[in-house]
Amino acid sequence: EAGGAALGRAADRLFSLSGLFAVRKPKGPTSAAVLNLLKERLLAEAGVQTNGNKRNQVLKIGHGGTLDSAATGVLVVGIGKGTKMLGTMLAGSKKYTAIGMLGKATDTLDATGKVTEEKPYDQVTKGDLENVLQKFTGDIMQVPPLYSALKKDGERLSTLMKRGEAVEAKPARPVRVYSLSLQQFQPPLFTLDVECGGGFYVRSLVNDIGKELSTCATVQELTRTKQGPFTLEEHALHEDRWTIDEIARSLEHCTALLPTGPSRKKLKTEHPGETAVICE
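Not measured: the values here are computed from a predicted model.

Participant: What is the right way to read the overall build of the protein from this model?
Facilitator: Tallying secondary structure elements over the protein gives eight helices and 15 strands in all. The buried share among the 280 residues of the protein stands at 45%. For the protein, the share of sequence-separated contacts (at least 6 apart) that also reach a separation of at least 24 residues comes to 74%. Approximately 14,000 Å² of the protein is accessible, and the part contributed by carbon and sulfur atoms is 51%.

Structure representation (structure tokens):
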């Protein structure tokens with residue numbers, strides 16, 4: 001009996017969790033798959049049977065902005081009433097570290113895609129690269145990638161592309177780059193630190209930089225190091241810490257980071273193409 005009572009308490013505790021916290025998304029799975037795994041873990045720990053049981057409909061969980069499958073880093077998660085606060089995360093600033101590769105272009109603009117073009121890059125100097133970065137700082141126009149979570153007629157562009165349907169590029173849209181700096185240059189590889197606003201694609205940035213240098217470039221590795229007030233080093237829970245206790249602790253710690261008051265109301269995100277993903 002005692003075991004049952006403890007599980008009952010764990011379930012009550014799980015369903016009372018509310019707010020925003022961050023997890024570290026590993027490389028490979030989609031952001032939605034990471035959320036499903038997190039949810040399964042928590043329900044299993046609370047002893048909640050999910051087969052056909054309506055109880056799992058009660059656990060509201062969502063994320064505040066997709067990371068590409070191949071990308072890693074901070075994924076902000078809302079639980080309970082926290083799901084209503086995810087819109088503010090989409091619009092807020094994000095930081096990334098990206099490793100780009102000169103001389104190759106792919107259809108997905110990252111290392112997971114098929115190579116579509118190869119060009120010489122040995123003429124590119126560190127100075128060239130640094131100069132070009134200035135063109136991509138501030139308020140700029142950017143065409144989002146074809147392989148993306150943006151939708152056309154309710155379906156993701158990436159899903160349409162994989163089915164082999166012709167997809168037209170979305171029009172360029174205004175995005176904001178707060179800072180952009182070159183950390184390392186070891187041709188063909190270069191490492192960038194980027195801080196940007198909502199709706200910005202690092203894959204498009206690297207692709208555009210390649211063109212601007214009269215060669216081509218693609219993202220090799222991408223890590224989101226910060227989203228809103230959540231940093232990878234300080235706040236993102238690794239998979240071995242996806243427990244009710246750890247998340248409860250993290251929620252307490254993270255609530256202090258968030259703005260309070262009327263600004264909590266769901267902000268309209270800057271880009272209608274973006275929505276917070278909420279699973280129930």
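There is more to say, and it comes next.
Participant: Whenever I open this one, the layout of surface pockets confuses me. Can you help?
Facilitator: Rolled over the atoms, a probe sized like a water molecule indicates the empty space that remains. By volume, the largest pocket is sized at about 950 Å³. Lining the largest pocket are 41 residues, with Thr 66, Asp 68, Ser 148, Ala 149 and Arg 156 positioned closest to its centre. Contributing elements (two or more residues each) for the lining of the largest pocket: α2 (31–45), β4 (94–102), α5 (157–162), α6 (202–212) and β12 (217–227). Here the lining of the largest pocket is composed, by residue class, of 13 nonpolar, 16 polar and 12 charged. Per-domain counts for the lining of the largest pocket show at least three residues from each of domain 1 (1–91 + 234–256) and domain 2 (94–227).

Participant: Can you help me understand the UniProt feature "domain: tRNA pseudouridylate synthase B C-terminal" (unreviewed entry) in the protein in this one?
Facilitator: Using the residue numbers shown here, the UniProt feature "domain: tRNA pseudouridylate synthase B C-terminal" (unreviewed entry) corresponds to residues 203–238. From the first C-alpha to the last, residues 203–238 spans 25 Å; its make-up is 39% helix and 42% strand.

Participant: I would appreciate a short explanation of the pattern of salt bridges in the present structure.
Facilitator: Side-chain pairing between opposite charges can occur once the charged atoms of the two side chains come close. By the definition in use, this model includes 11 salt bridges. A salt bridge links Arg 203 to Asp 68, with the shortest nitrogen-to-oxygen separation between them at 2.7 Å. With a gap of 135 residues between them, Arg 203 in helix α6 and Asp 68 in the loop between β2 (61–63) and β3 (72–79) connect regions that are remote in the sequence. The exposure class of Arg 203 is buried, given its relative accessible area of 3%. Between Asp 107 and Lys 114 there is a salt bridge, with its nearest N and O atoms 3.8 Å apart. The class for Asp 107 is partly exposed, based on a relative accessible area of 23%. Residue Lys 114 is classed as exposed on the basis of its relative accessible area, which comes to 61%.

Participant: Please explain the environment of Leu 205 as it appears in this structure.
Facilitator: Along the chain, Leu 205 turns up in helix α6. Taking the relative accessible area as the measure of exposure, Leu 205 reaches 1% and is therefore buried. Put simply, Leu 205 and Val 194 are 11 residues apart on the chain and 9.8 Å apart in space, counted from C-alpha to C-alpha. Sequence-distant contacts of Leu 205, defined by excluding residues within four places in its chain, comprise Phe 136, Gln 142, Leu 180, Leu 192, Val 194 and Phe 200.

Participant: What am I meant to see in the nonpolar core here?
Facilitator: Where a protein is soluble and globular, its nonpolar side chains tend to be buried together. In terms of nonpolar packing, the biggest core is built from 29 residues, with Leu 180, Phe 190, Leu 192, Val 194, Phe 200, Leu 205 and Ile 209 touching the most fellow members. At the level of secondary structure, the elements contributing two or more residues to this core comprise β4, α4 (126–135), β10 (173–186), β11 (189–196), α6 and β12. Excluding residues within four positions of it along the chain, Phe 200 makes contact with Ile 140, Gln 142, Val 175, Val 177, Val 194 and Leu 205. Within the second largest apolar cluster, 24 residues are counted, among which are Leu 14, Val 34, Val 48 and Leu 75.

Participant: Mind showing me how you'd approach the pairing of β10 here?
Facilitator: Remark: a regular strand shows side chains that alternate across the two faces of the sheet. The pairing of strand β7 (residues 138–142) with β10 spans five bridges and is classified as antiparallel. Bridge pairing in β10 places Gly 138 opposite Val 177. Note: β10 against β11, eight bridges, orientation antiparallel. Along β11, the bridge assignment pairs Gln 184 with Thr 191.

Criteria and cut-off values
Residues numbered from 1 in each chain as written. Predicted model: local features only at pLDDT ≥ 70, side-chain atom pairs only at ≥ 80, totals over all residues. Heavy atoms only, no water. Helix = DSSP H or I, 4+ residues; strand = E, 2+ residues; numbered from the N terminus. Buried < 20%, exposed > 50% of the residue type's maximum accessible area, 1.4 Å probe, protein only. Contact = heavy atoms within 4.5 Å. Areas by Shrake-Rupley, 256 points an atom, 1.4 Å probe, with all protein chains shown as cover. 1 Å grid on protein atoms, 1.4 Å probe; cavity = no way out; pocket = protein on both sides within 12 Å on 5 of 7 lines; lining within 4 Å. Points joined across faces, edges and corners; volume = space filled by probe spheres on them. Nonpolar A, V, L, I, M, F, W, Y, C, P; charged D, E, K, R; others polar. Domains from an automatic or database assignment. UniProt positions renumbered as here; feature names shortened; annotations may be inferred. Salt bridge = Lys/Arg side-chain N within 4 Å of Asp/Glu carboxyl O. Core = buried A, V, L, I, M, F, W, Y, C linked by side-chain atoms within 4.5 Å. Pairing = 2+ DSSP bridges.

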